[in-house]
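Chain residues, written in single-letter form:
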Amino acid sequence: EGGYWIAGVRYGIDLYRVGQHAQAVTLLAMGAEEGYELAQANAAYMFEHRMGYSLPDADELALRLYERAALQSVDHYFALGNLMLKMEQNGKPTTAEAGPVTGVGQAMGYLEAAAELGNVQALRKLAEMYEEGVEGVVVKNTQRALSFYKRLLSVIGGEKGSGSGSVGSSSWGSMMDITKLQWKVTSLSARTGLASVFGG
């Protein structure tokens, strides 16, 4: 938290904020190598999104840094799982050697773990994946999608309730999101109910 490289990490974040991405990612990558979780996660994000660095190995660098950040904090499980899944779907293997747990399986494990921790992005992604099905990853499962949507609604509703009560654009945005999710849950609940009635 207060070691020698923390000033470099802070400066890297400042450079990122003003749009000097090449310099920012360099400083953050150096801080990441020193073991700073904040630098690892931020450098990984920049590599993944080709900010200041766009060479072919960007995803592999991002993956390695997300893995190291995730070892220090479960807050990075979603980013790690999401990138792993994207790479696997694009034909880039994320495991060093073949085994019973494939890269896709590992990716889903991280996404599921993030969802268990109440990560909104993970809950939304998994709900959408199970609602539609993703070839080679998950089969369509309306009940599972519904459970993730319900949990997402619960988490977002809890966040809304913990606010200061001021009405602004962000609270209006979350109210709209909650309304959409409530419709989604109602629609899927009705669909699964009809399916059970007709044996489908």
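Now for a description of the structure that goes with this document.

What counts and what doesn't
Residues numbered from 1 in each chain as written. Predicted model: local features only at pLDDT ≥ 70, side-chain atom pairs only at ≥ 80, totals over all residues. Heavy atoms only, no water. Phe/Tyr/Trp six-rings, centres within 6.5 Å; stacked < 30°, edge-to-face > 60°. Helix = DSSP H or I, 4+ residues; strand = E, 2+ residues; numbered from the N terminus. Buried < 20%, exposed > 50% of the residue type's maximum accessible area, 1.4 Å probe, protein only. Axes fitted to C-alpha atoms, helices over the stretch in contact; angles between N-to-C directions. Parallel < 35°, antiparallel > 145°, perpendicular 65-115°, else oblique. Left-handed = near helix turned anticlockwise from the far one by under 90°. Contact = heavy atoms within 4.5 Å. Nonpolar A, V, L, I, M, F, W, Y, C, P; charged D, E, K, R; others polar. Core = buried A, V, L, I, M, F, W, Y, C linked by side-chain atoms within 4.5 Å. Salt bridge = Lys/Arg side-chain N within 4 Å of Asp/Glu carboxyl O.

### Points about the packing of aromatic side chains
Right, on to step 1. For the structure on display, the rule yields three aromatic pairs.
Right, on to step 2. Between Y77 and Y110 the ring centres are 5.3 Å apart and the planes differ by 65 degrees, which places this aromatic pair in the edge-to-face class. Placement of the pair is Y77 in helix 5 (residues 77-89) and Y110 in helix 6 (residues 103-116), with a sequence separation of 33 residues.
Right, on to step 3. In this structure Y110 comes out as partly exposed when scored by relative accessible area, which is 26%.
Right, on to step 4. Ring geometry for Y130 against F148: centres 5.9 Å apart, planes inclined by 15 degrees, an arrangement best described as stacked. Taken together, the residues Y130 in helix 7 (residues 120-132) and F148 in helix 8 (residues 142-161) connect sequence positions 18 residues apart. Like Y130, the residue F148 is buried in the burial classification.

### Focus on the packing of helix 6 against helix 7
Two measures define how a pair of helices packs: the angle their axes make with one another and the distance between the axes.
Right, on to step 1. As a packed pair, helix 6 and helix 7 sit with axes 8 Å apart at the nearest point and diverge in direction by 125 degrees. What the angle tells us is that helix 6 and helix 7 run oblique. As for how helix 6 packs across helix 7, the hand of that crossing is left-handed. Taking contact as the criterion, the partners of M108, L111, E112, A114 and A115 in helix 6 are, on helix 7, A122, L123, K125, L126, M129 and Y130.
Right, on to step 2. In the contact of helix 6 with helix 7, the residues fall into nine nonpolar, no polar and two charged.

### Structural notes on the nonpolar core
Right, on to step 1. Membership of the largest hydrophobic core comes to 56 residues, with the highest contact counts inside it found for L85, M108, L126, M129 and V137.
Right, on to step 2. Per-element tally for this core: the top contributor is helix 8, with eight residues.
Right, on to step 3. Apart from the residues within four sequence positions on either side, M108 is in contact with L85, L126, M129, Y130, V137 and V138.

### Regarding the environment of R50
Right, on to step 1. Within the secondary structure, R50 sits in the loop between helix 3 (37-48) and helix 4 (58-72).
Right, on to step 2. The partly exposed category is assigned to R50, whose relative accessible area is 34%.
Right, on to step 3. For the pair R50 and A62, spaced 12 residues apart in sequence, the C-alpha separation works out to 9.9 Å.
Right, on to step 4. Apart from residues lying up to four places away in sequence, R50 is in contact with A58, D59 and K92.

### Digging into the pattern of salt bridges
Right, on to step 1. The final tally for this structure, using the stated rule, is eight salt bridges.
Right, on to step 2. Between D14 and R17 there is a salt bridge, with the nearest N and O atoms lying 3.5 Å from each other. Pair noted here: D14 and R17 are both in helix 1 (residues 6-17), with a separation of three residues, about one helical turn.
Right, on to step 3. Look at D14 and you get partly exposed, because its relative accessible area is 39%.
Right, on to step 4. Judged by its relative accessible area of 64%, R17 falls in the exposed class.
Right, on to step 5. Bridged by salt links that share partners, the residues E33, R64 and R68 form one connected network.

Shape is all these values report; function is a separate question.
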